[in-house]
There are 2 protein chains.
Amino acid sequence: MPERSTKDRILNAAETLFALNGASGASLRAITQRAKVNLAAVHYHFGSKDRLLEAVLARRLLPLNAERIRCLEACQKEAGRKKVRLENVIEAMVGPALRLSRDENKGGRIFMRLLGRLVLEPDARVQRLLTGQFETVLKKFKPALTAALPHLEHKVFFWRLHFLVGSMAHTMADSERIQLISGGVCDPNDTEGTIECLVTFLCGGLRAK
Amino acid sequence: MPERSTKDRILNAAETLFALNGASGASLRAITQRAKVNLAAVHYHFGSKDRLLEAVLARRLLPLNAERIRCLEACQKEAGRKKVRLENVIEAMVGPALRLSRDENKGGRIFMRLLGRLVLEPDARVQRLLTGQFETVLKKFKPALTAALPHLEHKVFFWRLHFLVGSMAHTMADSERIQLISGGVCDPNDTEGTIECLVTFLCGGLRAK
DNA sequence: GTTTGTTTCAAACGTACGTTTGAATCAATT
DNA sequence: AATTGATTCAAACGTACGTTTGAAACAAAC
């Protein structure tokens, strides 16, 4: 987290406090205090608390989804004429997200917890932003998914996609409860192990009859 | 929702507004106004805003978990000496929750959205309550699950349980996005269809190799 | 060294919050 | 009808909030 500019300092502090206390639970006074910045700086640089939240989201979401699409296209190119394996498609979907959620240099766990919270936030602006982002990704992934799962009827396909999102979001957002309930057996810091385990689970579920 | 007493009216209004706006986003003024009750009534009947939230949770969670355990024991009794099928164990786990989340008389979607939000709430008192509840259920279900999934090593078992919770929570909490992304093909009001679809997916994932 | 535009600052604005208070109202008992 | 205890009520308490303001500090160009 390079904390050079006032803007960056505000974004980092806001990301953390939004994630910990929710959008309405985090005050600008707490954020600016944490960022070691004057209270009015938020309005100078971002205009309002709402637009600060948007900026926090955009900073992480845009690169994440770009990376997802890059991964998908890479494994499509590698497969050439052959069918892309379901495992590879799913890995392109959840891999970048989990790697981001474990990379403390890029917001890491904190940002993912925020994302998990915002999925249930009814604020219209937030929902428009999130749904818009998700649809972009889904549009790219849908052909590859249906090709790898030809036997699934439309309805079941969408439901299973929904379940997938749930597992993924929960895994990204919550890295404490898994340690608690497993008695420390599971290590959420083993990112690649977690991804592999999740991909196996999801492919099993998606292929189920 | 029988709205006889002041207490019940407060609980119902609080459940709705906590779910919609978050714990800190819902004000007592909005809650009491919705409940058509005096502002001071909250403190008279519950003591504080925090304790109101606790009461909202306890009212739904205790019966839900009792019902889960009842279902599990019923299908264990029915199986007798034979092994209980994984499908039946999973159904006992997610069925009652989804039925509750679709039963408007018992809080329904609203309560489940609240639950989804609170899973990520770092407030210590809330976490203690939720984790305590979850552990009670897990303790009952773990033997049945390991018996139905003997080939799974410890670590993978817990991870998959974690993924299961994610799918379930997401499905319970969010009944709008599935309609949006499926273009209306999926109907979250078809409770039993949703449960069947989810159970199939989860069993596929849990059994995956 | 003055000017210009950008960024920071302390202070204040009005509003909404959770909570407290003490009197008014109500229902049941004597 | 009077008394009691539980409940409701309007009003106010102090605090914290998002936002605005206008001056100070700073940096770059002339």
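Our subject is the structure that appears above.
The structure contained in this document is the topic of the report that follows. If you're wondering where the values come from, they're calculated on a predicted model, not measured in any experiment. (Residues numbered from 1 in each chain as written. Chains lettered and ligands numbered in written order. Predicted model: local features only at pLDDT ≥ 70, side-chain atom pairs only at ≥ 80, totals over all residues. Heavy atoms only, no water.)

When you go through chain A residue by residue, the secondary structure sums to 10 helices and zero strands. Going from N to C terminus, chain A has its helices and strands arranged as α-α-α-α-α-α-α-α-α-α. Along the longest, intermediate and shortest principal axes, the C-alpha atoms of chain A span 55 × 40 × 30 Å. Buried positions account for 55% of the 209 residues belonging to chain A. In chain A, of all internal contacts separated by at least 6 residues, the share reaching a separation of at least 24 is 71%. Accessible surface, chain A: about 9600 Å² in total, of which carbon and sulfur atoms supply 52%. (Helix = DSSP H or I, 4+ residues; strand = E, 2+ residues; numbered from the N terminus. Buried < 20%, exposed > 50% of the residue type's maximum accessible area, 1.4 Å probe, protein only. Contact = heavy atoms within 4.5 Å. Areas by Shrake-Rupley, 256 points an atom, 1.4 Å probe, with all protein chains shown as cover.)

Looking now at the protein's contact with DNA strand C. Around DNA strand C, 15 residues are found, and the nearest of them are T6(A), Y44(A), L28(B), R29(B) and K49(B). Each atom of DNA strand C within 4 Å of the protein was assigned to sugar, phosphate or base; sugar and phosphate come to 49%. In this structure, Y44(A) approaches DNA strand C through a side-chain N or O atom, which is 2.8 Å from a phosphate oxygen. For the surface near DNA strand C, the class distribution of residues is six nonpolar, six polar and three charged. (Near = heavy atom within 4 Å. Polar contact = N/O pair within 3.5 Å; in protein donor to acceptor, adjacent residues only side chain to side chain. Nonpolar A, V, L, I, M, F, W, Y, C, P; charged D, E, K, R; others polar.)

It is worth spelling out the relation of the copies chain B and chain A at this point. Once chain B is rotated about the relating axis by 180° and shifted along it by 0.0 Å, it coincides with chain A to within an RMSD of 0.1 Å. Here the symmetry operator amounts to a two-fold rotation axis. Closest to the rotation axis within chain B is the C-alpha of G205(B), separated from it by 2.0 Å. Both copies present the same face, since 100% of the interface residues in chain B are matched by interface residues at the equivalent positions in chain A. (Least-squares fit on C-alpha atoms with pLDDT ≥ 70 in both.)

Moving on: the nonpolar core. L52(A), I90(A), L52(B) and I90(B) are the most contacted members of the largest nonpolar core, which totals 146 residues. Excluding residues within four positions of it along the chain, I90(B) makes contact with G95(B), L145(B), L164(B), V199(B), L202(B), C203(B) and L206(B). (Core = buried A, V, L, I, M, F, W, Y, C linked by side-chain atoms within 4.5 Å.)

Turning to the packing of aromatic side chains, a few remarks are in order. Considering all chains together, one arrives at seven aromatic pairs over all chains under this definition. Ring geometry for W159(A) versus F163(A): centroids 5.8 Å apart, planes at 25°, classification stacked. Residue W159(A) and its partner F163(A) are located together in helix α8 (residues 154-173), separated by four residues, close to a single helical turn. Across the pair, exposure class does not vary: W159(A) and F163(A) are buried alike. On the numbers, 5.2 Å between centres and 50° between planes, the contact of F163(A) with F201(B) is tilted. One end of the pair, F163(A), is in helix α8; the other, F201(B), is in helix α10 (residues 191-207), on a second chain. (Phe/Tyr/Trp six-rings, centres within 6.5 Å; stacked < 30°, edge-to-face > 60°.)

This next bit is on the state of the cysteines. All names here are of chain A. As enumerated under the stated definition, the model contains zero disulfides over all chains in all. No disulfide involves C75; its sulfur sits 7.9 Å from that of C71, the nearest cysteine. Residue classification places C75 among the buried positions, given a relative accessible area of 12%. (Disulfide = S-S within 2.5 Å.)

Taken together, the contact between chain B and chain A spans 53 residues of the former and 53 residues of the latter. Across the interface of chain B and chain A, roughly 4700 Å² is buried in total on both sides, 71% from carbon and sulfur atoms. Its largest share of buried area at the contact with chain A, chain B owes to L120(B), W159(B) and F201(B), together 17% of the area lost on that side. Across the chain B-chain A interface, the total number found is zero salt bridges. Our count for the contact surface shared by chain B and chain A stands at 11 residue pairs in polar contact (both at pLDDT 80 or more). Those elements that place two or more of their residues in the side of chain B that touches chain A are α1 (6-21), α6 (108-119), α7 (124-148), α8 (154-173), α9 (177-181) and α10 of chain B. Split by residue class, the side of chain B that touches chain A holds 25 nonpolar, 17 polar and 11 charged. (Buried area = accessible area lost by both parts, 1.4 Å probe. Salt bridge = Lys/Arg side-chain N within 4 Å of Asp/Glu carboxyl O.)

In this section: the protein's contact with DNA strand D. Neighbouring residues of DNA strand D: 15 residues in total, closest L28(A), R29(A), K49(A), T6(B) and Y44(B). The sugar-phosphate portion of DNA strand D accounts for 49% of its atoms within 4 Å of the protein, the bases making up the rest. A distance of 2.7 Å separates a phosphate oxygen of DNA strand D from a polar side-chain atom of K49(A). The contact in question runs from a phosphate oxygen of DNA strand D to an N or O atom on the side chain of Y44(B), over 2.8 Å. Elements with a minimum of two residues in the surface near DNA strand D: α2 (28-35) of chain A together with α3 (41-45) of chain B. For the surface near DNA strand D, the per-class residue count stands at six nonpolar, six polar and three charged.

Attention now moves to the side chain of Q127(B). Relative to the elements of secondary structure, Q127(B) occurs in helix α7. With relative accessibility at 17%, the residue Q127(B) sits in the buried group. Within the structure, Q127(B) has its side chain in polar contact with the backbone oxygen of V119(B) (distance 3.4 Å). Those residues in contact with Q127(B) that sit more than four places away from it in its chain are R177(A), L118(B), V119(B), E121(B), P122(B) and G132(B).

Attention now goes to unusual backbone geometry. Residues and elements named next belong to chain A. Backbone geometry places K36, a non-glycine residue, at a positive phi of 55°. With respect to the helices and strands, K36 occurs in the loop between α2 and α3 (41-45). Looking at K36, the relative accessible area reads 70%, which means it is exposed.

Let us look at the side chain of R60(B). Note that R60(B) resides in helix α4 (residues 49-79). For R60(B), the contacting residues outside a window of four places in its chain are N12(B), E15(B), L100(B), K106(B), G107(B) and F111(B).

So, about the packing of helix α10 (residues 191-207) of chain A against α10(B). Direction vectors running N to C along α10(A) and α10(B) enclose 135°, while the axes themselves pass 6 Å from each other. For the element pair α10(A) / α10(B), the angle class is oblique. Seen along the crossing, α10(A) lies across α10(B) with a hand that is right-handed. Here α10(A) contributes F201(A), L202(A), G204(A), G205(A) and L206(A) to the contact with α10(B), which in turn contributes F201(B), L202(B), G204(B), G205(B) and L206(B). (Axes fitted to C-alpha atoms, helices over the stretch in contact; angles between N-to-C directions. Parallel < 35°, antiparallel > 145°, perpendicular 65-115°, else oblique. Left-handed = near helix turned anticlockwise from the far one by under 90°.)

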